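A closer look at the structure
Here is how the chains run, residue by residue.
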There are 2 protein chains.
Amino acid sequence: METSNENAAFDALSDRVRRRILAVLGEHGELSVNEIAAQVSSVGRTTVSTHLRVLRISGLVRERREGRNRLYSLDTEGAVRDAFVYLQTILHRAVDDIDVSTAEGATREGGRRTG
Amino acid sequence: METSNENAAFDALSDRVRRRILAVLGEHGELSVNEIAAQVSSVGRTTVSTHLRVLRISGLVRERREGRNRLYSLDTEGAVRDAFVYLQTILHRAVDDIDVSTAEGATREGGRRTG
DNA sequence: ACCACACGTGAGCATCTATTGACACGTGTT
DNA sequence: AACACGTGTCAATAGATGCTCACGTGTGGT
């Protein structure tokens, strides 16, 4: 039933700050810890560092060293994808004719909730 | 930066039992609390009930009453989709030419992890 | 009315986890 | 060598969350 390794993925994705970090990395591609911390701002650098560790161990981001910096970037083939696949599978099983591509349009919807 | 309402979605998805419940609902379509609890088995009925509450409030599942039962089913247009879109967006931003449809193939991959 | 069944809820415990400040290490600079 | 900068790590604290038991409510059956 476990689609793949989404366990590690969702565990990592359960935190807002981490999600924020991922979003930032998704936009900028590759950043140093300080640069990331600057954009997150809700928490200190130490916290960001700790979160990056979780994200790395979970296979969501990659680390590359350059001088005295550590550049982080999204691991697009890692756990993020596992989580993606998990959701995709669930959605597919639920309604077979779901057009996944239309999900992109839903981006603008905003959200109904607790309907 | 917040793609949509993925916050509530990922908060709900952060728990294994809840993910399990969603998977079960994805397969069977509509089940009563006891039926769900029977398939989860790692926790008691009460716990399942509590989780269903979280899933419902978060907009991941729907509830329908029938006699003295409460049938739950996946809300395919709710938060599950928001989470899906969030991941999709991140993946798209990271690598523009990513072929999302191939993710389905990744289902069989299994997983590398903590490289 | 009475009893069984299906659930939801609240209190109490046990755990986990996020956050931060202090400190250590490696690299680049002068 | 001495020093500044960028990060990771550790320990302690505070807050969040899951699990279960006991109990309350609503529905069906006899």
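Here goes a summary of the coordinates provided. None of the values given here were measured: they were computed from a predicted structure. (Residues numbered from 1 in each chain as written. Chains lettered and ligands numbered in written order. Predicted model: local features only at pLDDT ≥ 70, side-chain atom pairs only at ≥ 80, totals over all residues.)

All right, on to the overall build of chain A then. Summing up its helical and strand segments, chain A has five helices and three strands in all. In chain A, the succession of α and β elements from N to C terminus is α-α-β-α-α-β-β-α. Counting across all 115 residues of chain A, residues that qualify as buried make up 42%. Considering only contacts within chain A whose residues lie at least 6 apart along the sequence, 56% involve residues at least 24 apart. (Helix = DSSP H or I, 4+ residues; strand = E, 2+ residues; numbered from the N terminus. Buried ≥ 20, exposed ≤ 12 C-beta atoms within 10 Å, placed from the backbone. Contact = placed C-beta atoms within 7 Å.)

For the rest of this paragraph, the subject is the protein's contact with DNA strand D. Taken together, 21 residues surround DNA strand D, and among them Ser 32, Val 33, Asn 34, Ser 49 and Asn 69 of chain A come closest. Every element with two or more residues in the surface near DNA strand D is listed here: helix H3 (33–40), helix H4 (45–57) and strand E3 (69–74) of chain A together with helix H4 (45–57) of chain B. Per element, the largest residue contribution to the surface near DNA strand D is five residues, and it comes from H4 of chain A. Taken together, the residues that form the surface near DNA strand D break down as four nonpolar, twelve polar and five charged. (Near = placed C-beta within 6 Å. Nonpolar A, V, L, I, M, F, W, Y, C, P; charged D, E, K, R; others polar.)

Right, let's get into the protein's contact with DNA strand C. In the neighbourhood of DNA strand C, 21 residues make up the surrounding shell, with Ser 32, Val 33, Asn 34, Ser 49 and Asn 69 of chain B lying closest. If you list the elements that add at least two residues to the surface near DNA strand C, you get H4 of chain A together with helix H3 (33–40), H4 and strand E3 (69–74) of chain B. Of the residues that constitute the surface near DNA strand C, the class distribution is four nonpolar, twelve polar and five charged.

Our focus in this paragraph is unusual backbone geometry. Positive phi, normally seen in glycine, also occurs at Ser 41 of chain A, with a value near 60°. Here Ser 41 of chain A shows up in the loop between H3 and H4.

Looking now at the sheet that holds E3 of chain A. By definition, the strands of a sheet pair up through backbone hydrogen bonds, in either a parallel or an antiparallel sense. Residues and elements named next belong to chain A. Taken together, three strands build an open sheet; the order of strands is E1-E3-E2 and the sheet is antiparallel. Strand pairing shows two members of the sheet lacking a second neighbour, strand E1 (31–32) and strand E2 (61–66), which therefore form its edges. In terms of strand pairing, E2 meets E3 through six bridges, oriented antiparallel. Residue Arg 62 lies in a different strand from E3, and its bridge partner there is Ser 73. (Pairing = 2+ DSSP bridges.)

Residue and element names in this part refer to chain B. In spatial order, the strands read E1-E3-E2; together these three strands make up an open sheet with antiparallel pairing. Of all strands in the sheet, those with a lone pairing partner are strand E1 (31–32) and strand E2 (61–66), marking the two edges. The sheet contacts of helix H2 (residues 16–28) involve E1, E2 and E3, and relative to E3 the element is tilted by about 90°. (Axes fitted to C-alpha atoms, helices over the stretch in contact; angles between N-to-C directions.)

Residues and elements named next belong to chain A. Summarising the element assignment, Leu 31 is placed in strand E1. By the C-beta count within 10 Å, which is 20 here, Leu 31 ends up buried. Taking the C-alpha atoms as reference points, Leu 31 and Glu 63, separated by 32 residues in sequence, lie 9.8 Å from one another. Filtering out sequence-adjacent residues up to four positions away, Leu 31 remains in contact with Val 24, Leu 25, Ile 36, Leu 71 and Tyr 72.

This brings us to the pairing of E3 of chain B. Residues and elements named next belong to chain B. As defined by bridge partners, E1 adjoins E3 across two bridges and the pair is classed as antiparallel. What sits directly across from Leu 31, in E3, is Tyr 72. Between the antiparallel neighbours E2 and E3 lie two residues, among them Gly 67 with a positive phi of about 65°.

With that settled, the discussion passes to helix H2 (residues 16–28) of chain A. Residues and elements named next belong to chain A. Here H2 spans 18 Å end to end across 13 residues, near enough to the 18 Å set by a 1.5 Å rise per residue. Here H2 has its buried residues at Arg 18, Arg 19, Arg 20, Ile 21, Leu 22, Ala 23, Val 24, Leu 25 and Gly 26. Positive phi shows up at Gly 29, right after H2, with a value of about 90°. (Expected span 1.5 Å × (residues − 1).)

Okay, the packing of H3 of chain A against H4 of chain A next. All names here are of chain A. With their axes 9 Å apart at the nearest point, H3 and H4 run at an angle of 110° to one another. With respect to H4, the element H3 is oriented roughly perpendicular. The way H3 lies across H4 gives a crossing that is right-handed. From H3, Val 33, Asn 34, Ile 36, Ala 37 and Val 40 reach across to H4, where they touch Arg 45, Val 48, Ser 49 and Leu 52. For the contact of H3 with H4, the class distribution of residues is six nonpolar, two polar and one charged. (Parallel < 35°, antiparallel > 145°, perpendicular 65-115°, else oblique. Left-handed = near helix turned anticlockwise from the far one by under 90°.)

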